[in-house]
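Structural features, examined
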Amino acid sequence: MKTILVAGGAGYIGSHMSALLTEKGYEVVVVDNLCTGHWQAVKGGAKLRVGDLRDGAFLDRVFSEFPIDGVINFAAFSLVGESVADPLKYYGNNVSGSVSMLTAMKNHGVENIVFSSTAATYGEPEKQPIEETDRTEPSNPYGASKLAIEGLLKWSGRAYGIRYAALRYFNAAGANPEVEIGEDHYPETHLIPIVLQCALGKRDHVGIFGDDYPTADGTCVRDYIHVRDLVSAHLLALEYLDRGGESGAFNLGSGDGYSVKEIIETARRVTGKPISAVTEPRRAGDPSVLIASNKKAREVLGWTPERGLEKIISDAWAWHSGHPNGYEG
């Protein structure tokens, strides 16, 4: 039985990854400093070790305690606006944490890592849908820190034989009601949980930032992917590397685009609640459309997203309505 280290495994996507791995019979070790993660989200017998990735001695202890066969790294700060205001925080945490992780892997002979990257590595896209070979010019320090880590992975591969899959994903959403894990951020910045907070009466309205974009209804269009489909791609990537697959970057998205108004209307239908929406000024730097080409992930990893927007929102609603205060109640 293989043992997989999930860094950031108490966070939103990491907890879903840990749940899937345990379901598939893997031994799971979660490392998380719990600054944004939740211990309650670590399910299914996964072993939790609390500590910071930047602490090399901590990681050395974890790698010595468990026979780690592979790593999936979700641990990062991820708020775009905050990264612009405090780039040193983002480089200091995201890049330094990855340096420590790769150092531990090198020292303990662990060869395979799946890295949680982001569509923010592309910056303002030149075309739609976005392909892995498109220009990468991040427009914020968060995306730049992730791209820097992708470079670090490439050079570590050449120097130390570490194989990697950098998974650039778009808008993760949804929940896993079966094991009672979902999205619990503070502050919340993601559209779907904000919309559902309105349905719960925890917000007065949803802000629509601009309704004059060159799209069908004037609002921004984004590619949403169910978190359970997302983590299934991570498992396929891990297995691909274990078979000796070639390192590289992969987009993870549904390949479909949904506007802000479509999200709100779908949430009204799913929840049966009146959700107030107020048009507000555009936010600087918001592209009108962001849609992924997932052709490479389909062809190389054998991955197919299975859950559409209705399922994303209905699963998220099941989580939020059952946990109106997140993991605290």
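The coordinates are above.
These lines cover the structure that appears in this document, whether it is placed above or below. The model shown is predicted, which means the values in this text are computed figures rather than measured ones.

1. Focus: the packing of helix α8 (residues 260-271) against helix α10 (residues 309-322)
- Closest axis-to-axis distance for the α8/α10 pair is 10 Å, and the angle between their directions is 55 degrees. The pairing of α8 with α10 is recorded here as oblique in orientation. α8 and α10 meet at a crossing whose hand is right-handed. Contacts between α8 and α10 involve Ile263, Thr266, Ala267, Arg269, Val270 and Thr271 from the first element and Leu309, Glu310, Ile313, Ser314 and Trp317 from the second.
- A per-class count over the contact of α8 with α10 returns six nonpolar, three polar and two charged.

2. Brief notes about the packing of aromatic side chains
- Enumeration according to the criterion identifies three aromatic pairs in this entry.
- Arranged with centres 6.1 Å apart and planes meeting at 85 degrees, the rings of tyrosine 240 and phenylalanine 250 form a pair that is edge-to-face. Of this pair, tyrosine 240 sits in helix α7 (residues 227-242) while phenylalanine 250 sits in strand β11 (residues 248-252); the two residues are 10 residues apart in sequence, bridging distant segments of the chain. For the residue pair tyrosine 240 and phenylalanine 250, the accessibility class agrees, reading buried in each case.
- Here tryptophan 319 and tyrosine 327 contribute two aromatic rings whose centre-to-centre distance is 4.8 Å and whose plane-to-plane angle is 50 degrees, an arrangement assigned as tilted.
- The exposure class assigned to tryptophan 319 is buried, which follows from its relative accessible area of 2%.
- Directly above the aromatic system of tyrosine 160 lies the positively charged group of lysine 106, at a separation of 5.5 Å from the ring centroid.
- Across the ring face of phenylalanine 250, the terminal group of lysine 296 is positioned such that the distance to the ring centre comes to 4.6 Å.

3. Describing the sheet that holds strand β6 (residues 163-169)
- Strand order across the open sheet formed by seven strands is β3-β2-β1-β4-β5-β6-β11, with parallel pairing between neighbours. Because the sheet does not close on itself, it has two edges, and the strands there are β3 (47-50) and β11. Shown here is a sheet whose adjacent strand axes are inclined to one another by a mean of 20 degrees, direction ignored.
- Both strand β2 (residues 27-32) and β3 contribute to a ladder of four bridges, which runs parallel. Pairing of valine 31 across the sheet is with arginine 49, part of β3.
- Together, β1 (3-7), β4 (70-73) and β5 (112-118) form the strand contacts of helix α4 (residues 87-108), whose direction differs from that of β5 by roughly 170 degrees.

Definitions and cut-offs
- Residues numbered from 1 in each chain as written.
- Predicted model: local features only at pLDDT ≥ 70, side-chain atom pairs only at ≥ 80, totals over all residues.
- Heavy atoms only, no water.
- Axes fitted to C-alpha atoms, helices over the stretch in contact; angles between N-to-C directions.
- Helix = DSSP H or I, 4+ residues; strand = E, 2+ residues; numbered from the N terminus.
- Parallel < 35°, antiparallel > 145°, perpendicular 65-115°, else oblique.
- Left-handed = near helix turned anticlockwise from the far one by under 90°.
- Contact = heavy atoms within 4.5 Å.
- Nonpolar A, V, L, I, M, F, W, Y, C, P; charged D, E, K, R; others polar.
- Phe/Tyr/Trp six-rings, centres within 6.5 Å; stacked < 30°, edge-to-face > 60°.
- Buried < 20%, exposed > 50% of the residue type's maximum accessible area, 1.4 Å probe, protein only.
- Lys NZ or Arg CZ within 6 Å of the ring centre and 35° of its normal.
- Pairing = 2+ DSSP bridges.

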